[in-house]
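Chain residues, written in single-letter form:
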Amino acid sequence: MPTTFPTPQLVIFDCDGVLVDSERVSNQALVDNLARHGLALSLERSMQLFVGGTMTGVMQKAIALGADLHEGWVDEIYGETYAALKAGVDLTRGVTALLAVLDQHQIPCCVASNGSEDKMRITLGQNGLWQRFHPSAMFSAHSLGVAKPDPGLFLAAASHFGKQARDCLVVEDSATGATAAARAGMRCLGFAPEGGGAALTAVGAEVFHHMSDVPALIGL
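This text gives an overview of the structure that appears in the document. (Residues numbered from 1 in each chain as written. Predicted model: local features only at pLDDT ≥ 70, side-chain atom pairs only at ≥ 80, totals over all residues. Heavy atoms only, no water.)

In this section: the pairing of strand 4 (residues 168-172). When you tally the buried positions in strand 4, you get five out of five residues, the bulk of the element. Side-chain alternation along strand 4 places C168, V170 and E172 on one buried face and L169 and V171 on a second face that is also buried. Looking at chain direction, strand 1 (residues 10-13) and strand 4 are connected through four bridges and run parallel. Paired with F13 across the bridge in strand 4 is V171. By the bridge criterion, four bridges tie strand 4 to strand 5 (residues 187-191) in an arrangement that is parallel. Within strand 5, the residue paired with V170 across the bridge is C188. In this region the chain leaves strand 4, passes through helix 10 (residues 175-184) and returns to the parallel neighbour strand 5; the handedness of that crossover is right-handed. (Buried < 20%, exposed > 50% of the residue type's maximum accessible area, 1.4 Å probe, protein only. Helix = DSSP H or I, 4+ residues; strand = E, 2+ residues; numbered from the N terminus. Pairing = 2+ DSSP bridges. Right-handed = clockwise from strand over helix to strand, strands pointing away.)

In structure tokens:
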């Protein structure tokens, strides 16, 4: 018998790779930067290594792999990433329709990201979602001082909306985020738009491939 879940009382979205199709843009900026610092990676390898992490964590991994990074590197890569994102990033296909369904059913939603508010202002602002979520439904690891896979970011969102963890649904695209959801005691849908999703499944997420799949998965 498949497990059945009650309709969520709060939906918590990751930002990059979930609401906005920004991971490839960000990782290409990272690949280009690291190549100048002695570490050659393909775009696919960069995404395998770094999606879902913090930039400090990215720096530590890159150094371990042989990159020669200086003390101010995080600020450097943020500047280059933001410039690339300002050039244009699309909403993930189907997100607008999914948000409309949640609104129709009066289910609140919010954003919880390891990224900075400045980054979300760029990516979500291009598409009208910054105004929708900021400031009361926007939770950034940079602002709260706690990052996935720690569950604190998701628990802060639940507390803000007055919801219990068991009544929240998380939508994530990284194993890091799905791990945070599991640790928070929240159901997680793992978005794998290009198929696969083994890493998400391994940490307890229910993998789906299209945003249009979500309403049926949550009983709407």
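Turning next to the environment of F191. Mapped onto the elements of the fold, F191 is located in strand 5. Residue class for F191 comes out buried when judged on its relative accessible area of 5%. A sequence separation of 18 residues divides F191 from H209, and the C-alpha atoms of the two residues are 5.8 Å apart. Setting aside chain neighbours within four positions, we find F191 in contact with G17, V18, T92, E172, D173, L200, F208, H209, H210 and M211. (Contact = heavy atoms within 4.5 Å.)

Of all hydrophobic cores here, the largest spans 51 residues; its most connected members are I12, F13, L102, L124, F133, F154 and M186. Those residues within four positions of M186 in sequence are excluded, and the remaining contacts are I12, F154, L155, A158, A165, C168, V170 and A181. Within the second largest apolar cluster, 19 residues are counted, among which are F50, W73, Y82 and L85. (Core = buried A, V, L, I, M, F, W, Y, C linked by side-chain atoms within 4.5 Å.)

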